[in-house]
Amino acid sequence: MKQTECTTILVGKDATIDGSTMIARSEDGGRTIIPERFDVVMPEDQPKHYESVISHQKIDDEDLLPNPLRYTSAPDASGENGIWAAAGINSDNIAMTATETITTNSRIQGIDPLLKEGGLGEEDFVTLTLPYIHSAYEGVERVGYLLEKYGTYEMNGMAFSDKNEIWYLETIGGHHWAARRIPDNAYVIAPNRLNIDEFYFDDDDFASSKDLKDLIEEYHLNPDLEGYNLRHIFGSSTIKDAHYNNPRAWYIHNYFDPDFGGEPSDQDQPFICHANRKISIEDIKWAESSHYQDTPFDAYGDQGSAEQKKTFRPIGINRNFETHILQIRNDVPEKIAGVQWLAFGPNTFNSMVPFYTNITTTPASFQTGPKFDLNKIFWLNKLTAQLGDTNFRVYGELEADFEQKSLAQCHKIQHETDKEVEKYSGDELQDELNEANQKMADTVYNNTVELLGNMVNEGHGLMTLKYDLLD
């Protein structure tokens, strides 16, 4: 079981509308539905011994450090294939999302192959990293250490953030890695390819395994005449990239900056980009829900041919199972700075909830079980998306109204809570934040039920199986 179709978006604090750092990712899967849940992991519940389910890699007990931090996560509901914690924010307001499945090439695989036995993978990284880090850069150091010691059997990208910085790391081969700090005034869109391009080994905004530069030189891996472009050196530039990966980046680049231009299949779209405006939570949610609207490639649109509608893989898709925006705010006290915006199911028919992360429990409707249950919003969102997909022209406007209403109500609850909890601390504060989270979860759940009812009412007269004396 592999989450293979994610899309990562990173936005530095000077590029966001409110001065927060934001790291986001849609956690997508394959044809089989993978139910996701929302948890908070208390220090006493952090594993004291650890073995990967998929690879059976055992972690030395000394690498499970003492005094782990509390953290939120969005794990797989069943746990059958491991934890897959996906994303969260710890009690020091450090955020992590992992992982974005990325590409590789035969040159690096011939030197440092992915492990065939043992090693770490997507199921492991958040659990083994997030409770032990106190800054975004410590996340880079921790994952770098784990990769060099235990190795990996897959290629992955991941991001870390605190209130000041965002770092993005990509694994390279079985034991190597590279990372770079995202400029404060920039954003990144990272689909399923190796994304880091320009790289400077002598710059403090870049980091890598110590021998990476020597490895490039020793094995003649650099195809460029000058400089280092890691996408050229370690990544791919295939027909699949041109149809599966690059168009997603191209579409969002043009959304954030209409002057970006280019073609959907362009292989050398830049990693670091700048928008023509400040980026909001709503912008990121729209991007993670997008399906090439107003182009011939929109599966729901009326501009293109049947072939064009299937040409490129969209970001919003039936295989979105969980999507998050991890926000560390700079305009509120640290005790309420961490917010995990969370949505389950296909992004074209859901709404995000801004959960405070200084909490001790999560709302019951977000504690998904593996079996179909309409009391859980994961399954409710799957139902509305599948009904909505039957006639997007009819149901799309209902969804747009639902999402605006839900986000507005959650923003209002959040603004009120931010002001009300100034006098609280410790357990009292966490009780208040637990209550606010419950209120927002209930609001969005009830709005989703209302959306489903409106869809049923609208769709009643559109059924094929009908007969009327006036027909």
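Here the structure is shown first, and the text comes after it.
What you are looking at is a predicted structure, and each value in this text was computed from that prediction instead of being measured.

Novice: Which residues make up the overall build of the protein chain, and what values go with them?
Specialist: Helix and strand counts for the protein chain come out as 10 helices and 16 strands. Dimensions along the principal axes, computed over C-alpha positions, put the protein chain at roughly 80 × 55 × 40 Å. With 471 residues in all, the protein chain has 59% of them scored as buried. Put simply, 72% of the contacts in the protein chain that link residues at least 6 apart link residues at least 24 apart. Averaged over its 40 positive side-chain charges, the protein chain has a centre that lies 3 Å from the centre of its 79 negative ones.

Novice: Summarise helix 3 (residues 136-150); cite the residues concerned and give the values.
Specialist: For helix 3, with 15 residues, the first-to-last C-alpha span of 21 Å sits near the 21 Å given by 1.5 Å per residue. One or two positions beyond helix 3, positive phi appears at G151, with a value near 75 degrees.

Novice: Outline a negative patch on the surface, supporting the account with residue identities and numerical values.
Specialist: Together, E148, D211, D214, E217 and E218 line one region of the surface with negative charge. Considering the arrangement of structural elements, one finds E217 in helix 4 (residues 212-218). Given a relative accessible area of 43%, E217 falls into the partly exposed group.

Novice: Residue-level account of the layout of surface pockets, with values.
Specialist: Empty space among the atoms can be located by rolling a probe the size of a water molecule over them. Space inside the largest pocket adds up to approximately 670 Å³. As for the largest pocket, its lining consists of 25 residues, and the residues nearest its centre are W286, H291, Q293, F392 and G396. Elements supplying a minimum of two residues to the lining of the largest pocket: helix 7 (281-289) and helix 9 (392-420). In terms of residue count, the dominant contributor to the lining of the largest pocket is helix 9 (9 residues). Across the lining of the largest pocket, the residue classes break down as 5 nonpolar, 11 polar and 9 charged. Its boundaries defined by the atoms lining it, the second largest pocket holds a volume of some 440 Å³.

Novice: I'd like a rundown of the sheet that holds strand 2 (residues 21-28), residues and numbers included.
Specialist: Strands belonging to one sheet form pairs held by backbone hydrogen bonds; the direction of such a pair is parallel or antiparallel. Spatial ordering of the open sheet is given by 12-1-2-14-15-16, a layout of 6 strands whose pairing is antiparallel. Two strands lie at the open edges of the sheet, namely strand 12 (187-190) and strand 16 (353-356), each paired on one side alone. Averaged over all neighbouring strand pairs, the angle between strand axes comes to 15 degrees, with direction disregarded. Across the sheet, helix 6 (residues 239-256) is in contact with strand 1 (7-11) and strand 12; its angle to strand 12 comes to roughly 155 degrees.

Novice: Go over the pattern of salt bridges with me, naming the residues and quoting the values.
Specialist: Side chains that differ in charge, positive against negative, can pair when their charged atoms come close. Evaluated as defined, the whole model comprises 15 salt bridges. The residue D28 makes a salt bridge to R313 at a minimum N-O spacing of 2.9 Å. A residue pair is termed long-range when its members are at least 10 positions apart, and D28 in strand 2 and R313 in the loop between helix 7 and strand 14 (320-328) qualify at 285 residues. The same class applies to D28 as to R313, namely buried. Ionic pairing is found between D418 and R329, a salt bridge with its closest N-O pair at 2.8 Å. Here D418 is found in helix 9, whereas its partner R329 is found in the loop between strand 14 and strand 15 (338-344), with 89 residues between them in sequence. Here D418 and R329 have matching classes, each one buried.

Novice: How would you explain the packing of aromatic side chains if you had to name every residue and give the values?
Specialist: How two aromatic rings sit relative to each other is given by the distance of their centres and the angle of their planes. Considering all chains together, one arrives at 24 aromatic pairs under this definition. Taking the centre distance of 4.9 Å and the plane angle of 85 degrees together, the rings of F355 and F366 count as edge-to-face. With F355 in strand 16 and F366 in the loop between strand 16 and helix 8 (377-388), this pair connects stretches of sequence that are 11 residues apart. Take F355 and F366: they sit in the same class, and that class is buried.

Novice: Residue-level account of the pairing of strand 11 (residues 176-181), with values.
Specialist: Within strand 11, 6 of the 6 residues are buried, which leaves it mostly tucked inside the rest of the structure. Side-chain alternation along strand 11 places H176, A178 and R180 on one buried face and W177, A179 and R181 on a second face that is also buried. As paired elements, strand 10 (residues 166-172) and strand 11 share 6 bridges and run antiparallel to each other. From the neighbouring strand, Y168 faces strand 11, where its bridge partner is R180. Counting the residues in the hairpin turn of strand 10 and strand 11 gives 3 residues, including G173, whose phi is positive at 65 degrees. Where strand 11 lies against strand 13 (residues 206-208), 3 bridges are found, and the strand directions are antiparallel. Pairing of R180 across the sheet is with F206, part of strand 13.

Novice: Which residues make up the sheet that holds strand 11, and what values go with them?
Specialist: Taken together, 6 strands build an open sheet; the order of strands is 7-8-9-10-11-13 and the sheet is antiparallel. A single partner strand is all that each edge strand has here, and the edge strands are strand 7 (87-89) and strand 13. For this sheet, the mean angle separating the axes of adjacent strands, direction not counted, is 15 degrees.

Novice: Describe the pairing of strand 15, and please don't skip the residues or the numbers.
Specialist: Among the 7 residues that make up strand 15, 7 are buried, leaving the element largely enclosed by the rest of the structure. Here strand 15 shows no split at all, with G338, Q340, L342 and F344 on one side and V339, W341 and A343 on the other all buried. Where strand 14 lies against strand 15, 7 bridges are found, and the strand directions are antiparallel. Its bridge partner lying in strand 15, T323 is registered against A343. Of the pairings in the sheet, the one linking strand 15 to strand 16 comprises 4 bridges and is antiparallel in character. Bridge assignment links Q340 to a residue of strand 16, and that residue is F355.

Each value, and the rule that gives it
Residues numbered from 1 in each chain as written. Predicted model: local features only at pLDDT ≥ 70, side-chain atom pairs only at ≥ 80, totals over all residues. Heavy atoms only, no water. Helix = DSSP H or I, 4+ residues; strand = E, 2+ residues; numbered from the N terminus. Buried < 20%, exposed > 50% of the residue type's maximum accessible area, 1.4 Å probe, protein only. Contact = heavy atoms within 4.5 Å. Lys, Arg positive; Asp, Glu negative; His and termini not counted. Charge placed at Lys NZ, Arg CZ, Asp CG, Glu CD. Expected span 1.5 Å × (residues − 1). Patch = residues over 30% accessible without salt bridge, like charges linked within 9 Å, V, L, I, M, F, W, Y side chains within 5 Å. Areas by Shrake-Rupley, 256 points an atom, 1.4 Å probe, with all protein chains shown as cover. Salt bridge = Lys/Arg side-chain N within 4 Å of Asp/Glu carboxyl O. 1 Å grid on protein atoms, 1.4 Å probe; cavity = no way out; pocket = protein on both sides within 12 Å on 5 of 7 lines; lining within 4 Å. Points joined across faces, edges and corners; volume = space filled by probe spheres on them. Nonpolar A, V, L, I, M, F, W, Y, C, P; charged D, E, K, R; others polar. Pairing = 2+ DSSP bridges. Axes fitted to C-alpha atoms, helices over the stretch in contact; angles between N-to-C directions. Phe/Tyr/Trp six-rings, centres within 6.5 Å; stacked < 30°, edge-to-face > 60°.

Worth remembering: the numbers are spatial, not functional.
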